[in-house]
Amino acid sequence: MREKIEARAAHSGRGRRARQFLRALFHRKIVLVGSIGTIFFVLIALFAPLVAPYDPNVIDKGAYLLGMSPLHPLGTDLYGRDLFSRLVFGARVSLLTGVTATLIAAAAGSLLGIVAAYYGGIVDKILLRACETLDAIPYIALTMALVAILGNGMLNMAVIMCSTCVPFFVRMMRASVLSILNSDYILAAKLSGQSEWKLWLKHILPNSVSPIIVSATQNVGNTIMMESGLSFLGIGISVPMASWGAIISEARPYLTTHPLYVLAPCACLAALIICLNLFGDGIRDALDPSLRGETA
Amino acid sequence: MKTLVRAEHIVTTFPVDRKRRFAAVDGVSLELRRGEIVGLVGESGSGKSVTSMSMLQLILPPGKVEGKVFVDGFEGDTLAFGADSDQVRQIRGGKIGMIFQEPMTSLDPVLTVGRQIQENIMTHLHLPKAEAKARAVEMMKAVGIPDPETRFGQYPSQFSGGMRQRIMIAMVLAAEPDVLIADEATTALDVTTQALILDLIQDLARQRDLTVVIVTHNLGLIARYADRIYVMYGGNIVESAEKYELFDHPIHPYTHGLLAAVPRLDAGKRHMLVPIEGLPPNPADLPPYCKFYDRCPYREEACTQGPCALYQAGEGHFVRCALTQEALADKRGRLEGVRRLMPDKTVSQEICLEVKDLRMDFPIYRGLLKQKVGEVHAVDGISLHVHAGETLGVVGESGCGKSTLAKCVMRALKPTAGQILFHGEDLGTLTGRKLKRARSKLSMIFQDPFSSLDPRQTAGSIVGEPLKIHGLVRDRAQYDARVDELLRIVGLDPTFRDRLPREFSGGQRQRLGIARALASEPDMIVCDEPISALDVSIQAQVINLLIDLQARLKIAYLFIAHDLSVVKHISDRIVVMYLGRVVELAPAERLYESPLHPYTKALLSAVPVSDPHVDLARERIELRGEVPSVMDHPAGCAFCGRCRYAMDRCRTEAPMLRDQGDGRQVACFLYEREAGERDGREGGTEHGEA
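## A few points about the overall build of chain A
Stage number 1. What chain A contains, in helices and strands, is twelve helices and zero strands.
Stage number 2. Its helices and strands in sequence order give chain A the pattern α-α-α-α-α-α-α-α-α-α-α-α, from N to C terminus.
Stage number 3. With the C-alpha coordinates aligned to their principal axes, the bounding extent of chain A is approximately 75 × 55 × 30 Å.
Stage number 4. Looking at chain A residue by residue over its 296 residues, the buried ones come to 45%.
Stage number 5. If you take every contact in chain A between residues at least 6 apart in sequence, the share linking residues at least 24 apart comes to 69%.
Stage number 6. Both charge centroids of chain A, one from 24 positive and one from 17 negative side chains, sit 7 Å from each other.

The structure is reproduced here in structure tokens:
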């Protein structure tokens, strides 16, 4: 018993806790599958020019709507562009817009949430009302208006989509900061004379980020879904750029004649979203201490 | 006596991972006879709740119950019927009723209480609706709910905690069960309410020839209410006997340990408590031999030779131990001599903290526009002082303002009026650097060892934080040395400094909290219920630690707790609070020997002593009603509504705290001497009549 405790204490510290976190994260096999899938898509997106056999935007008028062949593994689209290459570059668009939109939303939302929780009173009320107003506008109407103003580049799309999920992060951060502000350990630190900014840096922020990280991971999937939806409707990413949603939209008339043209982008979208959600679930479980052993 | 329920070798297991399962209950056999009150006592993790739930098949998968349970009136082993069978459903609620700890969550908030009782009657007794309603009202009357016809149509949120527990009892008893299991049913309630509820259960049991199982960690309750007792540890019954037999001749080392670890109201203050060493066992990691081995002062080589059997030590007295009765008695003689005396401490005449006429009001806002409609006087004119190196205990029921007092003293709240003089400086007006300096000399220990430590900081940085804040160390080396020293002082291994709070047990976490409080070398520590979240055997360790620290470091404590036995054990003087006011202040021993204020008397009599003979001999004063809400503070004496000596004068005029000589003060007209002969005599005769 004694030796066990000492041995455990011997290799303590950050390294041990990181290992513990990873063990908790990959404890469930399904999370491991999700993580591997996510990494696979990320790698494809990163090295898209190397993976894709063709330029996704080069139009070959003579080779439209071809089936599977050694030259074009998934065939070609109605402009004769290589479908496989377009899907590879589509992953790039999806992940880039999804991740950027989430990052901006999480950062801006957290900041506003902290402001709301810190100042309280009238500031808090104004911010909350603003969030409610933003939520009350249907997101398609909102994005259409913003696309009309900003244009539909990839970065613009990210900014536009983030505007629809900012309220969520504001509320989340505000709630988590408020609950932490009421906890005994904050009182303890205050009573021992800790200065205000150190209190935030040392105690409040580290404890409030984990729910944000969890929801951010889960939010990436939602934004990707949203981007595809918008592209499908034609108000997403600008036209020649490959987006899964846009490909599905283009391919819709050919569902009966060229099923692979529709199914391949759908399958990519579904696979990526499932992997991201599994990964997000894993992160949530691993970060929640109540789900991990108390005396690990 | 007829046996109603007999459980044979119940083993309840839960999975640890895919391959291993652990036994939360490991071979428990017990029987319940008609009309007796059985106590099932043990610390958290001892398997006492799981045992009672296993008998009712309330264990959900992946948990698994094995063994046999025989219930009077049912053919064969009821465990064989399966958890969802009609028979088991009839047993649950119909034959055996159960009330739980949380009266807040065990009632449905969207149904009226009357309807809930009524439906229970209709399900189990198959009565028509109108008859069921009449019976529900009758039951509410039986459990002492005033004006049951009106309250029938009210929702659970309109009842206080104690009243809700009464409703639960009414609901369970309405189905006319033969057995009532009360699983920590009074733990969340105040001592006076707890006594009322258990008195009620006891009366009902006698009237209806009902068998009651009281599941608790509180030995005093068992001593007062139970007839027969099972002591549990690590999923085993380690000792069982009739009440008097068990308390007069305890045999098992764990029973002995428990009795010595709990401070008693009637005991002197010369000796330290004897804690049970080590930590409560982790149910997932129990040895295949005696579960108590690691913590047992009597342990021998022989104890590790497989599981030990239950043997009979007297009539109806069973013990599970590898050592015989004689061997244990022999060893006890040698071990008993080591009981430690309280360390000497020096209380100086210098006043460390003085509170003068402190008031703390909280505004009440109501309505759409959040208008201020009134004030709650949480602390209503309190004056007291604490000498350097002294412990001043503060007791009172929930809502009496003791925690608000602590927060004011700590300047976590800015008092509405009054002064808090700490070493002569008014904390209420200090700001900036001066306040920071005062804070270094005044620290606090919190109730909840889980929420009072930052879950993302390591033990070392939690303890070291005040050192950095107040610049008490010059460099890293000195900091490390001091943190190690602090951890050692509170009995923690300094190699644990890189661990996170969740890697410590509850008792160890509280030690971390104490180490943090000690870091800035304070002159005074405010302890707000520092041990109420801990297990009995761990409480003693922490109490002893606090006493030793005081003797060594000459720290004054403001010790706030609702457990009167603990407060008495640790305090030099005690303040009794009621609804924001001090009703009595006296040296600890004297307050317990001869309490003056009627409230103090009632409060003390509500606390059971863990010795049935002593407890039986004590005078019992029943307190009427419950603590009134702080919102509607009575005009006169706050206590007059529940006081059996209340006079007309009490209802119009609030008594002042007056000196009674030998260091005691009391706020009651019964003891008012200066106010003239007439009043004194009147008070005296009232006293005599009552």
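## Re the pairing of strand E7 (residues 211-216) of chain B
Residues and elements named next belong to chain B.
Stage number 1. Burial analysis of E7 places six of its six residues in the buried class, the great majority of the element.
Stage number 2. Burial along E7 is two-sided: Thr211, Val213 and Val215 facing one way and Val212, Ile214 and Thr216 facing the other are all buried.
Stage number 3. Direction of pairing for strand E3 (residues 37-41) relative to E7: parallel, over a ladder of five bridges. Looking across to E7, one finds that Leu40 is bridged to Val215.
Stage number 4. The pairing of strand E6 (residues 179-183) with E7 spans five bridges and is parallel. Paired with Val179 across the two strands is Thr211, which belongs to E7.
Stage number 5. What joins E6 to E7 is helix H7 (residues 191-208), and the crossover it makes is right-handed.

## Here's the deal with the interface of chain B and chain A
Stage number 1. Chain B puts 32 residues into the contact, and the matching count from chain A is 32 residues.
Stage number 2. Across the chain B to chain A interface the summed buried area is about 2800 Å²; carbon plus sulfur atoms make up 50%.
Stage number 3. Among the residues of chain B in contact with chain A, B:Arg456, B:Glu465 and B:Arg502 are the three that bury the most area, contributing 24% of the side total.
Stage number 4. Applying the counting rule to chain B against chain A returns one salt bridge.
Stage number 5. Of the charged contacts in the structure, one is a salt bridge between A:Lys202 and B:Glu465, with a shortest N-O distance of 3.9 Å.

## Describing the pairing of E3(B)
All names here are of chain B.
Stage number 1. Of all five residues that make up E3, five are buried, and the element is covered over most of its length.
Stage number 2. Both faces of E3 are covered, namely the face carrying Ile37, Gly39 and Val41 and the face carrying Val38 and Leu40.
Stage number 3. Taken together, the four bridges between E3 and strand E8 (residues 228-233) define a ladder with parallel strand orientation. Paired with Leu40 across the bridge in E8 is Tyr230.

## Details of the sheet that holds strand E13 (residues 371-387) of chain B
Residue and element names in this part refer to chain B.
Stage number 1. Read across the open sheet, the four strands follow the order E13-E12-E15-E16; overall the sheet is antiparallel. At either margin of the open sheet sits one strand with a lone partner, and together these are E13 and strand E16 (425-426).
Stage number 2. As judged from the five bridges shared by strand E12 (residues 351-366) and strand E15 (residues 417-422), these two strands associate in the antiparallel manner. Counterpart to Arg359 in the pairing with E15 is Ala417.
Stage number 3. Helix H12 (residues 402-409) contacts E12, E13 and E15 of the sheet and is inclined by roughly 115° relative to E12.

## Quick word on unusual backbone geometry
All names here are of chain B.
Stage number 1. For the bond running from Pro61 to Pro62, omega is 10°, close enough to zero to count as cis.
Stage number 2. Positionally, Pro62 belongs in the loop between helix H1 (48-55) and strand E4 (64-71).
Stage number 3. We note that His126 has phi near 55°; this positive angle belongs to a residue other than glycine.
Stage number 4. The topology assignment puts His126 in the loop between helix H3 (113-125) and helix H4 (129-142).

## Quick look at the domain arrangement of chain B
Residue and element names in this part refer to chain B.
Stage number 1. Domain annotation of chain B identifies domain 1 (3-271), domain 2 (351-562) and domain 3 (592-689).
Stage number 2. Centre-to-centre, using C-alpha coordinates, domain 1 lies 37 Å away from domain 2.
Stage number 3. At the interface, nine residues of domain 1 touch seven residues of domain 2.
Stage number 4. Roughly 790 Å² of surface becomes buried between domain 1 and domain 2 when both sides are summed, with 51% attributable to carbon and sulfur atoms.

## A few points about the side chain of A:Ser210
Stage number 1. By the secondary structure assignment, A:Ser210 is in helix H10 (residues 196-233).
Stage number 2. Those residues in contact with A:Ser210 that lie beyond four places of it in its chain are A:Leu287 and B:Arg456.

## Some points on the sheet that holds strand E18 (residues 524-528) of chain B
Residues and elements named next belong to chain B.
Stage number 1. Pairing in this open sheet of eight strands is mixed, and the strands run E17-E18-E19-E14-E20-E21-E23-E22 from one edge to the other. Lying at the two open borders of the sheet, with one neighbouring strand each, are strand E17 (442-445) and strand E22 (658-659).
Stage number 2. In this structure, E18 lies alongside strand E19 (residues 556-560), joined through five bridges in parallel fashion. Paired with Cys527 across the strands is Phe559, a residue of E19.

## Structural notes on the pattern of salt bridges
Stage number 1. Tallied over the full model, the rule gives 45 salt bridges over all chains.
Stage number 2. In this structure, A:Arg284 and A:Asp281 form a salt bridge, with 3.7 Å as the shortest nitrogen-oxygen distance. Residue A:Arg284 and its partner A:Asp281 are both found in helix H12 (residues 259-287); the two are separated by three residues, about one turn of the helix.
Stage number 3. Relative accessible area serves as the criterion here: at 38%, A:Arg284 is assigned to the partly exposed category.
Stage number 4. Assessed through its relative accessible area of 24%, A:Asp281 is described here as partly exposed.
Stage number 5. For B:Asp380, the salt bridge goes to B:Arg359, with nearest N and O atoms at 2.8 Å.

## What about the confidence of the model for chain A?
All names here are of chain A.
Stage number 1. Per-chain confidence: chain A averages 84 in pLDDT, with 92% of residues scoring 70 or above.
Stage number 2. Confidence over residues 1-11 falls short of pLDDT 50; this stretch has eleven contacts with residues more than four positions distant or in other chains.
Stage number 3. Residue range residues 291-296 is modelled with pLDDT below 50. Its contacts to residues more than four positions away, or to other chains, number 15 contacts.

## Digging into a positive patch on the surface
Stage number 1. On the surface, A:Lys198, B:Arg433, B:Lys436 and B:Lys468 cluster together into a positively charged patch.
Stage number 2. Relative accessible area serves as the criterion here: at 75%, B:Arg433 is assigned to the exposed category.

## Focus: the environment of B:Gln325
All names here are of chain B.
Stage number 1. Mapped onto the secondary structure, Gln325 falls in helix H11 (residues 325-336).
Stage number 2. The class for Gln325 is partly exposed, based on a relative accessible area of 31%.
Stage number 3. C-alpha of Gln325 to C-alpha of Leu180: the two residues are 145 residues apart in sequence and 34 Å apart in space.
Stage number 4. With residues near it in sequence (within four places) discarded, Gln325 still touches Ile251, Tyr311 and Ala313.

## Here we look at the environment of B:His423
Residues and elements named next belong to chain B.
Stage number 1. Relative to the helices and strands, His423 is located in the loop between E15 and E16.
Stage number 2. As for His423 and Ala438, which are separated by 15 residues in sequence, their C-alpha atoms are 9.0 Å apart.
Stage number 3. The residues touching His423, leaving out its near neighbours within four places in the chain, are Glu350, Cys352 and Asp523.

## Some remarks on the confidence of the model for chain B
All names here are of chain B.
Stage number 1. Overall, the prediction assigns chain B a mean pLDDT of 85, with 96% of residues at 70 or greater.
Stage number 2. Note on residues 675-690: pLDDT is under 50 here. Beyond four places in sequence and across chains, it has 13 contacts.
Stage number 3. Predicted complex, confidence summary: ipTM 0.77, pTM 0.83.

Procedures and definitions
Position labels on residues start from 1 in each chain and follow its written sequence. Throughout, the order in which chains and ligands are written sets their labels, letters from A for the former and numbers from 1 for the latter. Totals for whole chains, interfaces and linings use every residue, but because this is a predicted model, local features are given only for residues with pLDDT of at least 70 and side-chain atom pairs only at 80 or more, for both listing and counting. Hydrogens and waters are ignored; side-chain quantities use all the structure's heavy atoms. Numbering of helices and strands runs from the N terminus; a helix is a DSSP stretch of H or I covering at least four residues, while a strand is a stretch of E covering at least two. Buried, partly exposed and exposed residues are distinguished by accessible area as a fraction of the type maximum, computed with a 1.4 Å probe on protein chains only: under 20%, between the cut-offs, and over 50%, respectively. Here a residue-residue contact requires only that any non-hydrogen atoms of the pair lie within 4.5 Å. Note that His is not counted, nor are the chain ends; the positive residues are Lys and Arg, and the negative ones are Asp and Glu. Where a charge lies is defined by one atom per residue type: Lys uses NZ, Arg uses CZ, Asp uses CG and Glu uses CD. Two strands are said to pair when DSSP picks up at least two bridges between them. Looking down the strands as they point away from the viewer, one classifies a crossover as right-handed if the path from the first strand across the helix to the second runs clockwise. Computed with a 1.4 Å rolling probe, the buried area is the accessible surface lost when two parts are put together, summed over both parts. Between Lys or Arg on one side and Asp or Glu on the other, a salt bridge is scored when a side-chain nitrogen of the former is within 4 Å of a carboxyl oxygen of the latter. Throughout, an axis means a line fitted to C-alpha atoms (over the contacting stretch in the case of helices), and angles, computed between N-to-C directions, take values from 0 to 180 degrees. Each domain span listed reflects an automatic or database assignment of domains. Scored from 0 to 100, pLDDT records how confident the predictor is in each individual residue. Only residues whose relative accessible area exceeds 30% and that form no salt bridge are eligible for patches; like-charged ones are grouped when within 9 Å, while nonpolar side chains (Val, Leu, Ile, Met, Phe, Trp, Tyr) are grouped when within 5 Å. Where accessible areas are quoted, they stem from the Shrake-Rupley method and a 1.4 Å probe; at the residue level, only the protein chains shown are allowed to cover.

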